[in-house]
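# A closer look at the structure
Each chain, written out:
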Amino acid sequence: MTQAAIDLGRLAGRDVGRAARLMAEAHAAALSGKPPAVPPRPEIGASWERMLRRGVDPERAVRPRPLTPAELAERRQRSHLTEVLPLLRDGLVSVAESAQHIMVVCDADGVVLWREGHPSVLRHADAIGLAPGTDWREATSGTNGLGTPLVARRPVQVFSAEHFVRAHHRWTCSGAPVTDPRDGRLLGVVDVSGLLDTLHPAMLKLVESVAKLAEAELRARHLRGLDRLRSVAAPLLARIGGRAVAVDEEGWVAAVTGMPPVDRLPLPRSLSAGPVRLGPLGLCSAEPLPGGWLLRPAQRPHAGVARLRLDLSEPGRPSLTVAGEVGSWTHDLSPRHAELLFLLAGEEAGCSAGALAEAVFGDAGRRVTVRAELSRMRRYLGELLEHRPYRFREGTGVEVVLPEDRSALLPHSLAPAVARARAGTAPRR
């Protein structure tokens, strides 16, 4: 691939047919193992390489059993995207209908939750299995406007033969991920799709903008919830002697007394009233509050033998479990924290901020950015993460759980050290 990638937005805006033919030639070349005359865009080429390594059949998509209506209703109810569905509809459905497109929303597992838009396009979508309750991950449906943004963690337009499965070549799809601003967790993808001859070059920018509006709405809801919790907790904390903290259901701190303020505490995935062990605080009593919890530490945190389990086995869902003398807890990781912990796990002697900046950004000068992220990590790891150099506390056992397919290791990451690990031997301790 020696030539520059096609600017599909510009070319397809002038000549859809020519753009489709060029991509069909590139698709055929990729399947035959030959270099195409014109290479695909980087995000499409990377997706095709994943499909070829995984043995995805370009002639037919895999169609797992769709969810039952009851299963779909339960999944919709669990999804935070339900909170912003009216905003997504207001921003995209009318535009999609007028442009002969449909809006599709999937969750972080690639399962289609909602689908609305032009009636005739909905019928075409039925023919390829693009319906509520169906699975549109890359592993089942190849390169597409839902599954590929889930992996890339950024907006992606998939045009005609950029779709890996031939049955989807009549389509153009523009998808953007929606992340939870509270913890950086991927919630799903919003997509606008239509048949090839209805392509509009500006559609991807529109979808991206609406996805950002949805994230802003989730952030505003979160702040309003913290304000409500703070108004309830403040009088209680004023009467408490000793240490106490009020947190919302995701661990974000609304109010604190008798201890240094922090932004967030890692909570167990299921929390109930009574004694609970939290990594940073030790043994606490948990009391329910409207919209959150009152946590009262019973003892000061203390050092002890600890074991960390960094689970990177599911792309897009990195997590860290800490087990020690005060019990165990699990924390869902942001993409950047997953990168840094993965790199530190392979360096028993530790790393300087400059070395980590070089490994993550390819630029040792970005020390300040790295130090800021590591400072945030210390809020939930505490003394388990030492500095000067940065490393895990001596005696801490670290286990890294990798995906079966090494190419799926932190697939969103552009860090040079992670890219090398995907191609070679990953750091282990």
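Residues numbered from 1 in each chain as written. Predicted model: local features only at pLDDT ≥ 70, side-chain atom pairs only at ≥ 80, totals over all residues. Heavy atoms only, no water.

Labelled according to an unreviewed UniProt entry, the protein chain appears under the name GAF domain-containing protein, originating from Streptomyces fungicidicus.

### Notes on the packing of aromatic side chains
Considering all chains together, one arrives at 0 aromatic pairs under this definition. In this structure, Arg-366 packs its charged tip against the face of Phe-361, placed 3.8 Å from the ring centre. (Phe/Tyr/Trp six-rings, centres within 6.5 Å; stacked < 30°, edge-to-face > 60°. Lys NZ or Arg CZ within 6 Å of the ring centre and 35° of its normal.)

### Overview of empty space enclosed by the protein
The final tally for this structure, using the stated rule, is 2 cavities of 30 Å³ or more. Taken as a whole, the largest cavity holds about 80 Å³ of empty space. Considering the residues around the largest cavity, the lining is formed by Ile-128, Leu-130, Trp-136, Asn-144, Gly-145, Leu-146, His-163, His-168, Trp-171, Cys-173, Asp-191 and Ser-193. When residues of the lining of the largest cavity are traced back to their parent elements, those giving at least two are β4 (171-179) and β5 (186-195). Of the residues assigned to the lining of the largest cavity, the class counts are 6 nonpolar, 5 polar and 1 charged. Empty space within the second largest cavity amounts to approximately 30 Å³. Along its surface, the second largest cavity is lined by Leu-312, Glu-314, Pro-315, Gly-316, Arg-317, Pro-318 and Leu-410. When grouped by side-chain class, the residues that make up the lining of the second largest cavity number 4 nonpolar, 1 polar and 2 charged. (1 Å grid on protein atoms, 1.4 Å probe; cavity = no way out; pocket = protein on both sides within 12 Å on 5 of 7 lines; lining within 4 Å. Points joined across faces, edges and corners; volume = space filled by probe spheres on them. Helix = DSSP H or I, 4+ residues; strand = E, 2+ residues; numbered from the N terminus. Nonpolar A, V, L, I, M, F, W, Y, C, P; charged D, E, K, R; others polar.)

### Digging into the layout of surface pockets
Size it by volume and the largest pocket reaches roughly 1,200 Å³. If you go around the largest pocket, you meet 39 residues; those closest to its centre are His-80, Asp-183, Arg-185, Arg-269 and Asp-332. Taken together, 34 residues make up the lining of the second largest pocket; nearest its centre are Asp-180, Asp-183, Gly-184, Ser-334 and Pro-335. Elements that contribute at least two residues to the lining of the second largest pocket include exactly β4, α9 (203-239), β13 (327-332), α10 (335-345) and α12 (367-381).

### As for the nonpolar core
In terms of nonpolar packing, the biggest core is built from 39 residues, with Leu-320, Leu-341, Phe-342, Leu-356, Leu-374 and Leu-381 touching the most fellow members. Put simply, the parts of the chain that give this core at least two residues each are β11 (306-311), β12 (319-324), α10, α11 (353-361), α12, β16 (397-401) and α13 (416-423). Of the residues forming this core, the biggest block, 7 residues, is contributed by α10. The contact partners of Leu-320, leaving out residues within four places of it in the chain, are Leu-308, Arg-309, Leu-310, Trp-329, Thr-330, His-331, Leu-333, Leu-341, Tyr-380 and Leu-381. If you look at the next biggest cluster of nonpolar residues, it comprises 23 residues, including Leu-81, Val-84, Leu-88 and Ala-214. (Core = buried A, V, L, I, M, F, W, Y, C linked by side-chain atoms within 4.5 Å. Buried < 20%, exposed > 50% of the residue type's maximum accessible area, 1.4 Å probe, protein only. Contact = heavy atoms within 4.5 Å.)

### So, the sheet that holds β4
Overall, antiparallel pairing links the 5 strands, which are arranged β2-β1-β5-β4-β3 in an open sheet. At either margin of the open sheet sits one strand with a lone partner, and together these are β2 (112-117) and β3 (156-159). On average, each strand axis in the sheet is tilted by 15° relative to the strand beside it, whichever way the strands run. Pairing analysis gives 5 bridges linking strand β1 (residues 101-107) to β2, with the strands arranged antiparallel. Across the sheet, the residue bridging to Ile-102 is Gly-117, located in β2. (Pairing = 2+ DSSP bridges. Axes fitted to C-alpha atoms, helices over the stretch in contact; angles between N-to-C directions.)

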